[in-house]
Amino acid sequence: MISDGNLWNAYEKVRKNKGAPGIDGVTIYELKEHMQKYYKSLKQKLKDGTYEPQPVKRVAIPKPDGSKRYLGIPCVLDRVVQQAILQVIDPIIDPHFSDNSYGFRKGRNAHQVYFASEK
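Residues numbered from 1 in each chain as written. Predicted model: local features only at pLDDT ≥ 70, side-chain atom pairs only at ≥ 80, totals over all residues. Heavy atoms only, no water.

K.L.:
Honestly, the side chain of aspartate 78 in this entry has me stumped. Any pointers?
P.N.:
Its place among the elements puts aspartate 78 in helix H3 (residues 76-93). Arginine 79 is the oppositely charged side chain nearest to the buried, salt-bridge-free aspartate 78, at an N-O distance of 8.1 Å. (Helix = DSSP H or I, 4+ residues; strand = E, 2+ residues; numbered from the N terminus. Buried < 20%, exposed > 50% of the residue type's maximum accessible area, 1.4 Å probe, protein only. Lys, Arg positive; Asp, Glu negative; His and termini not counted. Salt bridge = Lys/Arg side-chain N within 4 Å of Asp/Glu carboxyl O.)

Set out below in structure tokens:
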């Protein structure tokens, strides 16, 4: 999980996905410099199990009916760590999921559920 290739591949995916900064204010555009500065300590913390993610930034998104939907926005570095973990575990666990499971899976989306139910 902490190989250089895996972590930098995770960085690229997070960078391309863009998104708002988390509670620490680090933007996607500052991420590479931030990672380069803290890379050795990040890897060491991941290796010895002492890495702790930052608190998630809570943002309210207004809904058409006037109510609000709340989103949690992780810091960009935490997103890199999450992506690095996903890249390792996804090929291991995904084959064990039901073929009828579509949520948050690579290559699947909510629109496919409708078409799958018509078969």
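K.L.:
I keep staring at H3 and nothing clicks. Help me out?
P.N.:
Between its first and last C-alpha atoms H3 spans 25 Å; for 18 residues at 1.5 Å apiece the expected length is 26 Å, and the two agree. Taking the largest bend as the criterion, H3 deviates by roughly 30°, centred on glutamine 87, and proline proline 91 comes between one and four positions later. Of all the positions in H3, only Val76, Leu77, Asp78, Arg79, Val80, Val81, Gln83, Ala84 and Gln87 are classed as buried. Of the surrounding elements, those touching the buried residues of H3 are helix H1 (4-17), helix H2 (31-48) and strand S2 (68-73). (Expected span 1.5 Å × (residues − 1). Bend = angle between axes of the 7 residues up to and from the residue. Contact = heavy atoms within 4.5 Å.)

K.L.:
For this particular structure, what's the right way to read the packing of H1 against H2?
P.N.:
Two quantities define a packed helix pair, namely the angle between the axes and the distance from one axis to the other. Orientation of H1 relative to H2, taken along the N-to-C sense of each, is 140°, at an axis distance of 12 Å. The angle between H1 and H2 falls in the class oblique. Here H1 and H2 pass one another in a crossing that is right-handed. Counting all contacts with H1, which are made through Asp4, Leu7, Trp8, Tyr11 and Val14, the residues of H2 involved are Leu31, Lys32, Met35, Gln36, Tyr39, Lys43 and Leu46. (Axes fitted to C-alpha atoms, helices over the stretch in contact; angles between N-to-C directions. Parallel < 35°, antiparallel > 145°, perpendicular 65-115°, else oblique. Left-handed = near helix turned anticlockwise from the far one by under 90°.)

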